[in-house]
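Now for the letters of each chain:
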Amino acid sequence: MKAAIMGYGTIGSGVAKILFENSDVITRRVGEPIELKYVLDLRNFEGDPIQSYIVHDYKEIVNDPEIKLVVETMGGVEPAFTFVKAMLESGKHVATSNKNLVAEKGAELIAIAKENHVNFFFEASVGGGIPIIRTLLKCTTGDVIEHIYGILNGTTNYMLTKMREDGADFDDVLKEAQDKGYAEKDPTADIEGLDPARKIAILASLVAERQVDFQDIPTEGITKITPADMQYADKLGMKIKLVASMDESGDSYYARVAPFLVDKESPLYTVEDVYNAILVHGNMLGDAMFYGSGAGSLPTASAVVGDLVEMAKHVMRHVDFTWEPEKITLKDPDTQEYKYFVRSKASEAELKNVYGDGEAISGVADGEIGFVTEKMSEKDFKEKSTKADIISFIRLL
């Protein structure tokens, strides 16, 4: 069975490596070899054995009837969408690791795949090598998924770990993450929470079976987190994590990406460094957590090759699942309820007068105290906070 890779970057090269080095085990599991025929890239790789596979025009792949399986690891929405759409319409199965593409065009590409009796799989688009999408589509189909809480960005989890352990400032830790290759030169998608927002939108769309637009998800990053916040969290016996969340509520869902204070009772508490974790709660399953490498060449490529093997096993039929293009209206985020940790220049008595009974924390920074409020709606918290001298706040998970 002939395959092509579109994009020979970090993940595409990992896919090629797995296809070459694990060819025997892949052949055994599929029942026949998966043989790489083309690698689409703008560049040439002179002196690299991959050069003999390189093509520069995606139509060479589209027009080759031998190619049944295609991997897209280019990133971005365009030209990836144009290329993937053409592959599906020409009767080729496609696996992608591209979260931007799936979050924005997933429902449309699934419909195109169905029309052409092929498959569009995207396990690697959320959580890298963590097998979460197939779990939701196959293993929890008898459950109502009530909550998903995920640490879905390894860069920010690494940064928060270093800030807590070393007492370092945000800017210093960001530079270190960039030097180590964990953060991009332009880290906006990571540090502002846009990357996990796309990922939780994909998971929520699969659970809701309708389109959840990531632009509709309230999203906050970690740029305002300080060493003092880490000290307060430590005094509370908690850790600060950038959490992407989805909560069922009636006929719709809440969704949010923001820094949260996570206590020791949560499985997310122990997730450190560049690792990702996804906590799923089903009404029958209860809690189940999926943990592993959320990024990187080989972990992500492993998930892509897993999709390739699945497509090869179903090369003659479409594997059906539901993600309708109809957009779901998320619940008003102002009606969701949390406890809040606030830092304030007000006194404990003044804060209790505003927020009601709560827990005060002092001895971290001069001229201020920390305070954990009672549970209240986002709307009530915002209104009450106009009456208090608030420096910053973080929600409790």
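As the structure is a computational prediction, the values presented were derived from the model and not from experiment.

Describing the overall build of the protein
Part 1 of the reasoning: Across its full length, the protein carries 14 helices and 19 strands.
Part 2 of the reasoning: Against the compact-globule benchmark of 21 Å for 397 residues, the protein has a radius of gyration of 23 Å, which places it among compact chains.
Part 3 of the reasoning: Each principal axis of the C-alpha atoms in the protein carries an extent, and together these give about 75 × 45 × 35 Å.
Part 4 of the reasoning: For the protein, the proportion of its 397 residues judged to be buried stands at 55%.
Part 5 of the reasoning: For the protein, long-range pairs separated by at least 24 residues make up 72% of all intrachain contacts whose partners lie at least 6 apart in sequence.
Part 6 of the reasoning: For the protein, the accessible surface area stands at approximately 17300 Å², while carbon and sulfur atoms represent 46% of it.

Describing the environment of glutamate 192
Part 1 of the reasoning: Note that glutamate 192 resides in the loop between α9 (188-191) and α10 (194-208).
Part 2 of the reasoning: Sequence separation between glutamate 192 and glutamate 220 is 28 residues, and the spatial gap between their C-alpha atoms is 6.0 Å.
Part 3 of the reasoning: Excluding residues that lie within four positions of it along the chain, glutamate 192 makes contacts with Thr219, Glu220, Gly221 and Thr223.

Quick look at the sheet that holds strand β3 (residues 54-55)
Part 1 of the reasoning: Strand order in this open sheet of six strands is β3-β2-β1-β4-β5-β6, and the pairing throughout is parallel. Either end of the sheet is taken by a strand with one partner, and the two such strands are β3 and β6 (120-121).

Structural notes on the layout of surface pockets
Part 1 of the reasoning: Counted as a void, the largest pocket has a volume near 1000 Å³.
Part 2 of the reasoning: As for the largest pocket, its lining consists of 39 residues, of which Ile11, Lys99, Glu184, Ala295 and Gly296 are closest to the centre.
Part 3 of the reasoning: Those elements that provide at least two residues to the lining of the largest pocket are α1 (10-21), α5 (99-115), α7 (154-166), α9, α10 and α12 (297-313).
Part 4 of the reasoning: Tallied by class, the residues present in the lining of the largest pocket amount to eleven nonpolar, 21 polar and seven charged.

Regarding the pattern of salt bridges
Part 1 of the reasoning: Per the counting criterion, the structure on display carries 28 salt bridges.
Part 2 of the reasoning: Notably, a salt bridge pairs glutamate 310 with lysine 138, separated by 2.7 Å at the nearest N-O pair. In this pair, glutamate 310 is assigned in helix α12 and lysine 138 in helix α6 (residues 133-139), connecting sequence segments 172 residues apart.
Part 3 of the reasoning: The partly exposed category is assigned to lysine 138, whose relative accessible area is 48%.
Part 4 of the reasoning: Among the salt bridges present, the one from glutamate 176 reaches lysine 162, with a minimum N-O distance of 3.7 Å.

Brief notes about helix α13 (residues 348-355)
Helical periodicity: at 3.6 residues per turn, an α-helix aligns residues three or four positions apart in one direction.
Part 1 of the reasoning: Of all the positions in α13, only Leu351, Val354 and Tyr355 are classed as buried. For α13, the arc enclosing every buried residue in end-on projection is 75°, short of the 170-degree limit, so these residues lie on one face. Within α13, the exposed residues directed more than 90 degrees away from the buried face are Ala349 and Asn353.
Part 2 of the reasoning: Along its buried surface, α13 packs onto β15 (340-344), β17 (369-372), β18 (376-377), α14 (378-385) and β19 (390-396).

Examining the sheet that holds strand β12 (residues 286-293)
Part 1 of the reasoning: Pairing is mixed in the open sheet, where nine strands are placed in the order β12-β11-β7-β9-β10-β19-β15-β17-β16. Two strands in the sheet have a free side with no partner beyond their single neighbour: β12 and β16 (359-361). Mean inter-strand twist for the sheet, computed between neighbouring axes without regard to direction, equals 25°.
Part 2 of the reasoning: Here three bridges tie β16 to β17, and the two strands are oriented antiparallel to one another. Paired with isoleucine 361 across the two strands is glycine 370, which belongs to β17.

Quick notes on the rules
- Residues numbered from 1 in each chain as written.
- Predicted model: local features only at pLDDT ≥ 70, side-chain atom pairs only at ≥ 80, totals over all residues.
- Heavy atoms only, no water.
- Helix = DSSP H or I, 4+ residues; strand = E, 2+ residues; numbered from the N terminus.
- Rg over C-alpha atoms; globule rule 2.2 N^0.38 Å.
- Buried < 20%, exposed > 50% of the residue type's maximum accessible area, 1.4 Å probe, protein only.
- Contact = heavy atoms within 4.5 Å.
- Areas by Shrake-Rupley, 256 points an atom, 1.4 Å probe, with all protein chains shown as cover.
- Pairing = 2+ DSSP bridges.
- 1 Å grid on protein atoms, 1.4 Å probe; cavity = no way out; pocket = protein on both sides within 12 Å on 5 of 7 lines; lining within 4 Å.
- Points joined across faces, edges and corners; volume = space filled by probe spheres on them.
- Nonpolar A, V, L, I, M, F, W, Y, C, P; charged D, E, K, R; others polar.
- Salt bridge = Lys/Arg side-chain N within 4 Å of Asp/Glu carboxyl O.
- Arc of directions from axis to C-beta.
- Axes fitted to C-alpha atoms, helices over the stretch in contact; angles between N-to-C directions.

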